[in-house]
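Understanding the architecture of this molecule
Spelled out, the chains give:
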Amino acid sequence: MIRSQLLQLQLFNPRYLEQLDGSSSRMSEIMKYGFPGLDDIRVYSDFILSYDRRNRVAHWVYEHLHASCLKPNGSRVRRQEEQYQPDMNVPSNFRSDLTDYKHSGYDRGHLAAAGNHKSHQTHCNETFFLTNIAPQVGKGFNHDAWNNLEIYVRELTERYGSVYVCTGPIYKPKRQLRGVRDLENTQTMVEKWCVEYEVIGANTVAVPTHFFKVITVESKLPGGSPYMEAYLMPNAPISSNTNIRDFLADIRDIEHIAGLQFFNGLRRSFFFGTNYPTSSGIYRNFE
């Protein structure tokens, strides 16, 4: 599965081999469960992403987390040394810029969380490239519910030791009443599906309506099946009383809306259950 997808990457992205720069083994490790899509793949030292040139944010970002990722390896990783910056490898006409976010009312929200990459300064620094950033509501979302989901992922990593996480934006359709005029200029209100989202800055960076995370936890038992669950959260203020498990989603819905395919080539029955309603259910039934 991975080999065939790598061949497709080489075919459709001529600069693919240049990006690898000796990191192909780490890339193969991160992408163990397959590429959700193959559009403009960009390889960083500790995560992989597919970049959406039209919307100026990633389609998806993939990470493989283990306990050592979450703590410094020798020298201390200093967040104050990190700076948000555009990735100059992206062509200028498809690149977002810091000015796009200035006075926009939105946070520069991480897809691959900086807190997941503390083992090396370079790993953490690269999470601040704008290719890994998307406009997020601050209070009630990026500072709160989304942050709680990121913490939950790290807790899973500390408990089980090997967690794969794919994160990305969603532009979710919704029903709206629209006026439609016939040939006699008579207007009738009809319900139609539409996709609406804001854009910010001169580069028209898309503001996602929702964000998803697909989490795969590997079993500690030899030959044990992995456990998978998916979350879909609105990019909006969420009450502090809301449990993140209220946002458990069917992975097929995420695939349908985002145009992605997870675990390509693997049967879903390969995974040990999905979407336990409580985290204690995971810990009780999965080791």
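Here the structure is a predicted model, which is why all the values come from computation and not from measurement. (Residues numbered from 1 in each chain as written. Predicted model: local features only at pLDDT ≥ 70, side-chain atom pairs only at ≥ 80, totals over all residues. Heavy atoms only, no water.)

**Section: the overall build of the protein**
- Each helix and strand in the protein was counted, giving 9 helices and 12 strands.
- Within the protein, the fraction of its 287 residues that count as buried is 51%.
- Within the protein, contacts between residues at least 6 apart in sequence are counted, and of these 67% link residues at least 24 apart.
- Carbon and sulfur atoms make up 48% of the accessible area of the protein, which amounts to about 14,400 Å² in all. (Helix = DSSP H or I, 4+ residues; strand = E, 2+ residues; numbered from the N terminus. Buried < 20%, exposed > 50% of the residue type's maximum accessible area, 1.4 Å probe, protein only. Contact = heavy atoms within 4.5 Å. Areas by Shrake-Rupley, 256 points an atom, 1.4 Å probe, with all protein chains shown as cover.)

**What about the packing of aromatic side chains?**
- Counting across every chain of the model gives 14 aromatic pairs.
- Note on Tyr-44 and Phe-129: the rings are 5.8 Å apart at their centroids and 35° apart in plane angle, and the pair reads as tilted. In this pair, Tyr-44 is assigned in the loop between β1 (41-43) and β2 (48-52) and Phe-129 in the loop between α5 (121-126) and β5 (133-136), connecting sequence segments 85 residues apart.
- Between Tyr-171 and Tyr-197 the ring centres are 4.8 Å apart and the planes differ by 50°, which places this aromatic pair in the tilted class. Here the residue Tyr-171 occupies a position in the loop between β6 (162-170) and β7 (174-181), and Tyr-197 occupies one in the loop between β8 (187-194) and β9 (199-200), the gap between them amounting to 26 residues. (Phe/Tyr/Trp six-rings, centres within 6.5 Å; stacked < 30°, edge-to-face > 60°.)

**Quick word on the pattern of salt bridges**
- This model, assessed by the stated rule, comprises 8 salt bridges.
- Between Lys-32 and Glu-218 there is a salt bridge, with the nearest N and O atoms lying 2.6 Å from each other. One end of the pair, Lys-32, is in the loop between α3 (24-30) and β1; the other, Glu-218, is in the loop between β11 (210-217) and β12 (227-234), with 186 residues separating them in the sequence.
- Overall, Lys-32 belongs to the partly exposed group, its relative accessible area being 40%. (Salt bridge = Lys/Arg side-chain N within 4 Å of Asp/Glu carboxyl O.)

**Comments concerning the confidence of the model for the protein**
- When pLDDT is averaged along the protein, the result is 87; 83% of the residues meet or exceed 70.
- Note on residues 10-17: pLDDT under 50 across the span, and 8 contacts to partners over four residues away in sequence or across chains. (pLDDT = per-residue confidence, 0-100.)

**Looking at unusual backbone geometry**
- In this structure, Asp-40 takes a positive phi of about 45° despite not being glycine.
- Mapped onto the elements, Asp-40 comes out in the loop between α3 and β1.
- When its relative accessible area of 12% is taken as the criterion, Asp-40 is described as buried.
- The backbone of Thr-204 shows a phi angle near 50°, a positive value even though the residue is not glycine.
- Here Thr-204 shows up in the loop between β9 and β10 (205-206).
- The exposure class of Thr-204 is partly exposed, given its relative accessible area of 37%.

**Here's the deal with helix α7 (residues 145-160)**
- For α7, which comprises 16 residues, the first-to-last C-alpha distance of 23 Å matches the rise-based estimate of 22 Å (1.5 Å per residue) to within 8%.
- Burial in α7 covers these residues: Ala-145, Trp-146, Leu-149, Glu-150, Tyr-152, Val-153, Arg-154, Leu-156, Thr-157 and Tyr-160.
- After α7 finishes, the residue Gly-161 shows a positive phi value of roughly 90°. (Expected span 1.5 Å × (residues − 1).)

**Points about the pairing of β11**
- For β11, the tally of buried residues reaches 8 of 8 residues, placing the bulk of the element in the interior.
- Of the two faces of β11, the one carrying His-210, Phe-212, Val-214 and Thr-216 and the one carrying Phe-211, Lys-213, Ile-215 and Val-217 are both buried.
- Pairing geometry for β6 and β11, over 8 bridges, is antiparallel. Along β11, the bridge assignment pairs Pro-169 with Phe-211.
- Pairing of β11 with β12, which is carried by 8 bridges, proceeds in the antiparallel orientation. Within the sheet, the bridge partner assigned to Phe-212 lies in β12 and is Leu-232. (Pairing = 2+ DSSP bridges.)

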